[in-house]
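# Descriptive structure summary
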Amino acid sequence: MTESEEFYDIYKLNVVSIPTNKKMLRKDYNDQIFRTEKEKYHAITNKIIECNSKGQPVLVGTTSIEKSEKISNYLNQKNIKHNVLNAKQHDKEAKIIAEAGKISSVTIATNMAGRGTDIKLGGNKDFIEEGKTKDTKDHAKNETTVKNLGGLFIIGTERHESRRIDNQLRGRSGRQGDPGATIFFISLQDELMRIFGGESIDGMLKKLGLKENESIDHPWINKAMERAQKKVESRNFDIRKTLIKFDDVMNDQRQVIFSQRLRILNEKSIKNILTDFFEEILKDLEVSIINYKKSNDDRHLTAIKNVIGSSLNDEELLQLVTKEKSIFIDKMKELFLEKQKSRISILGKDQNEALEKKIFLQIIDFSWRSHLQYLEQLRQVIGLRQYGQKDPLSEFKKEAFVLFEGLLAKIKNDLIKLLLNLNIVISSSNEKTEEKKDVNKDADFKKVGRNEKCPCGSGKKFKHCHGNI
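The shown structure was predicted, so the numbers you read here are calculated from the model rather than taken from an experiment.

### A look at the overall build of the protein
Broken down by element type, the protein carries 17 helices and 7 strands. For the protein, long-range pairs separated by at least 24 residues make up 70% of all intrachain contacts whose partners lie at least 6 apart in sequence. For the protein, the accessible area works out to roughly 28,900 Å², and carbon and sulfur atoms hold 50% of it.

### Here's the deal with the packing of helix α11 (residues 298–308) against helix α12 (residues 314–322)
Running from N to C, α11 and α12 point in directions that differ by 120 degrees, and their axes come no closer than 12 Å. It follows that α11 is oblique to α12 by the angle criterion. Considering the relative orientation of α11 and α12, their crossing is right-handed. Taking contact as the criterion, the partners of L301, I304, K305 and I308 in α11 are, on α12, D314, L317, L318 and V321.

### Thoughts on the confidence of the model for the protein
Within the protein, residue pLDDT values average 82, and 87% of them lie at 70 or more. Here helix α16 (residues 429–438) is the element of the protein with the lowest mean pLDDT, 48, and strand β6 (residues 152–156) is the one with the highest, 93. Here residues 432–441 scores under 50 on pLDDT; set against residues more than four positions off or in separate chains, the count is 8 contacts.

### Points about the packing of aromatic side chains
On inspection of all chains with the given rule, the structure shows 8 aromatic pairs. When the ring of F34 is compared with that of F185, the centres are 6.2 Å apart and the planes differ by 20 degrees; the resulting orientation is stacked. In this pair, F34 is assigned in strand β2 (residues 32–34) and F185 in strand β7 (residues 180–187), connecting sequence segments 151 residues apart. A ring pair is formed by F278 and F336, whose centres lie 4.2 Å apart and whose planes are at 10 degrees; its orientation type is stacked. With F278 in helix α10 (residues 271–295) and F336 in helix α13 (residues 325–347), this residue pair connects regions lying 58 residues apart in the sequence. On the basis of relative accessible area, F278 is assigned to the buried category, the value being 5%.

### Here we look at the pairing of strand β3 (residues 58–62)
Of all the 5 residues making up β3, 5 are buried; the element is thus mostly covered by neighbouring parts of the structure. Residues V58, V60 and T62 line one face of β3 and the alternating positions L59 and G61 line the opposite face, and both faces are buried. Two elements, β3 and β6, share 4 bridges in a ladder whose sense is parallel. Bridging across to β6, V58 finds its partner in F153.

### Quick notes on the nonpolar core
By size, the foremost hydrophobic cluster in this structure holds 38 residues, and its most contacted members are I304, F328, M332, F360 and L415. Residue assignment for this core shows that the elements contributing at least two residues are α9 (219–266), α10, α11, α12, α13, α14 (349–381) and α15 (392–421). Ranked by residues supplied to this core, first place goes to α10 with 9 residues. Among all residues touching L415, those that are not within four sequence positions of it are L274, F277, I359, F360 and I363.

### With respect to unusual backbone geometry
For K12, which is not glycine, the phi torsion reads 60 degrees and is therefore positive. Within the secondary structure layout, K12 lies in the loop between α1 (4–11) and β1 (27–28). On the basis of relative accessible area, K12 is assigned to the exposed category, the value being 57%. The phi dihedral of N79 is positive, around 60 degrees, even though this residue is not glycine. Among the secondary structure elements, N79 is positioned in the loop between α3 (65–77) and β4 (83–85). Judged by its relative accessible area of 70%, N79 is exposed.

### Some remarks on a positive patch on the surface
A grouping of K223, R227, K230 and K231 is seen on the molecular surface, where their side chains present a positively charged patch. Structurally, K230 is set in helix α9.

### Observations concerning the pairing of strand β5 (residues 106–110)
Most of β5 is tucked away, with 4 of its 5 residues classed as buried. Taken together, the 5 bridges between β3 and β5 define a ladder with parallel strand orientation. Within β5, the residue paired with V58 across the bridge is V106. Relative to β5, β4 runs parallel, the two sharing 3 bridges. Its bridge partner being in β5, V84 is matched across the sheet by I108.

### Digging into α12
Among the residues of α12, L317, L320 and V321 are the ones counted as buried. Buried residues of α12, seen end-on, are gathered within an arc of 100 degrees and therefore sit on one face of the element. In α12, those exposed residues whose orientation departs by more than 90 degrees from the buried face are E315 and T322. On its buried face, α12 sits against α10, α11 and α13.

### Considering a nonpolar patch on the surface
There is a patch of nonpolar side chains on the surface, built from F7, Y11, L13 and V15 and spanning about 380 Å² of accessible area. Mapped onto the fold, Y11 is located in helix α1. With relative accessibility at 52%, the residue Y11 sits in the exposed group.

### Considerations on α3
The terminal C-alpha atoms of α3 lie 19 Å apart, and with 13 residues this matches the ideal 18 Å at 1.5 Å per residue to within 8%. Within the span of α3, buried status applies to K67, S68, I71, S72, Y74 and L75. Each buried residue of α3 sits inside an arc of 160 degrees when the element is viewed along its axis, so together they form one side. Among the exposed residues of α3, those pointing more than 90 degrees away from its buried face are E66 and Q77. The inward-facing, buried residues of α3 contact α2 (37–53), β3, β4 and β5. With its phi angle positive at about 60 degrees, N79 sits one or two positions after the end of α3.

### A word on the pattern of salt bridges
What the rule picks out here adds up to 23 salt bridges. The shortest N-O distance in the salt bridge between E143 and K147 comes to 3.6 Å. Placement of the pair is E143 and K147 together in helix α5 (residues 133–149), with a separation of 4 residues, close to one helical turn. A single salt-bridge network, built from bridges that share partners, covers E143, K147, R175 and D178.

So, how was this worked out
Residues numbered from 1 in each chain as written. Predicted model: local features only at pLDDT ≥ 70, side-chain atom pairs only at ≥ 80, totals over all residues. Heavy atoms only, no water. Helix = DSSP H or I, 4+ residues; strand = E, 2+ residues; numbered from the N terminus. Contact = heavy atoms within 4.5 Å. Areas by Shrake-Rupley, 256 points an atom, 1.4 Å probe, with all protein chains shown as cover. Axes fitted to C-alpha atoms, helices over the stretch in contact; angles between N-to-C directions. Parallel < 35°, antiparallel > 145°, perpendicular 65-115°, else oblique. Left-handed = near helix turned anticlockwise from the far one by under 90°. pLDDT = per-residue confidence, 0-100. Phe/Tyr/Trp six-rings, centres within 6.5 Å; stacked < 30°, edge-to-face > 60°. Buried < 20%, exposed > 50% of the residue type's maximum accessible area, 1.4 Å probe, protein only. Pairing = 2+ DSSP bridges. Core = buried A, V, L, I, M, F, W, Y, C linked by side-chain atoms within 4.5 Å. Patch = residues over 30% accessible without salt bridge, like charges linked within 9 Å, V, L, I, M, F, W, Y side chains within 5 Å. Salt bridge = Lys/Arg side-chain N within 4 Å of Asp/Glu carboxyl O. Lys, Arg positive; Asp, Glu negative; His and termini not counted. Charge placed at Lys NZ, Arg CZ, Asp CG, Glu CD. Arc of directions from axis to C-beta. Expected span 1.5 Å × (residues − 1).

Structure follows, in C-alpha cells:
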C-alpha cells in the first residue's frame, strides 16, 4: 500500500489490498548493515556461495547494470556459474528470469528486470522444448527438491528509494504458497544511507567497536530504513504533485485552444467568427486613434499599422486618423468587405470559405506552438521567484494567464491582418491553355516520384503540384 496516498490525492482512487491466494511461507530476514561497500559485496558473495553449495536457487537484485556487473566479477573470481540479466541481453530476458528457479541457478538482475514472467521452482515448463518428455518428468522432481532446500533465495544488494521496488523484488520469491527467503545487504556508503547521515552512523559504529566484515542485524534498523524511504517517497511525491499543478495550468489553456480549433473544423463557414473578430479589432483601433489624437505619439500609429499592414499606405493612414474616427472605421469595413468579395469572385464561395478556415487553423497552430515554448521557458525560471518570498505556482499562473491573453490577441490580429492584405494571383488564360496542352494523362502521374518534377511543366516538385494530397 505504498502508493495509496498518491493515487487518492492525484486520481481520487482508493487502493485495496488483495490477500494472497495461498498462505505465504516466505521468510523475510532483517537487513544486514555493513560499514563499507566492499564488506557488503564480500558478504553477498559468501551468501551466494552458501546457497549454491546446497543447490538452492538465488536471485540477486541490484539497482543498476553497473552494480550487476560488479557482483558478476566477484562471482567470476570464485568460479560460480551465473546469469547476468541486463540491457545487453533483452531478447533473452524472459527465458533467463524464468529459469532462475532451477537447482543451483544464480541469476543477477536489476530489481525491475523480467517483470511479467513467473519464476517457478525447478524451472519454467513453458520454456522446455517440445518432444523432451524426460525434461518434463525431471521438472516435477526438481520442483520438490528446490522446495525442500527452502525455495528461491532473494538477495537485495541495497535499498531502493521506493519501498514499492523493494517489495516487488521480495515478491519474486514465495509465489503461490511456495517456500522462499529474502534478505537485503546494506552498507553505510549506499546512496540512501548517505542521504540520511551514513557518516555519523559510521562514526558511532567505530566507537562501539564494530569489526571489519561484521554486520548489524536488528528489527529497529529495518524500521529506520523504511522511515528513510518514506521521507524520500514523500519528497518525490511532492515534486510530482507540483509538476501536475503546473501541467494543469497548461492543460486549461490547451482545452480552450483545442475547443476553438474543433469549432472551426466543424463549422461550414467561419464568416460570423471573422466578423466578430473584426469588430473587436475595430474597437482596439478606435482606442489607438483616440490615444494618438491626445498624445500625437507615433507608437499608436505603429500599433494601427501592425494590424492593417499594407492595405493603407502611410499618407492615407495619417489622413484618415486625423479625421473623425467613424470615417476611419467605415473605410476599414469597406476594405475588409472588398477583399472578401474579391476572393469570392476569383475562387468562388466554397473555396474562399475553405481558404479562410485553412488560414485560421494554420495561425492557431503556429501561435500555439510558440506559446508552449514560452511557457516551458517560463516554467524553467519561475522557481527563482522563491528567493523573493513568492509562490512559484501562483506566479506561474499569473504570468501564464498574461501570455495566454497575448496569444488570443495575436491570433485575432494575425488573422485579420492576413485577410486584409491577402491578394489572390491567378495565371493568364494563355498560360492556362499551354498548361493544359503539356499535362499528360492521369496514368503518367502515377509513375512519377513525389520528389521528381511534375510532368505538367510547372517546374514544381510533383508532391507540391498535382501530387498534393
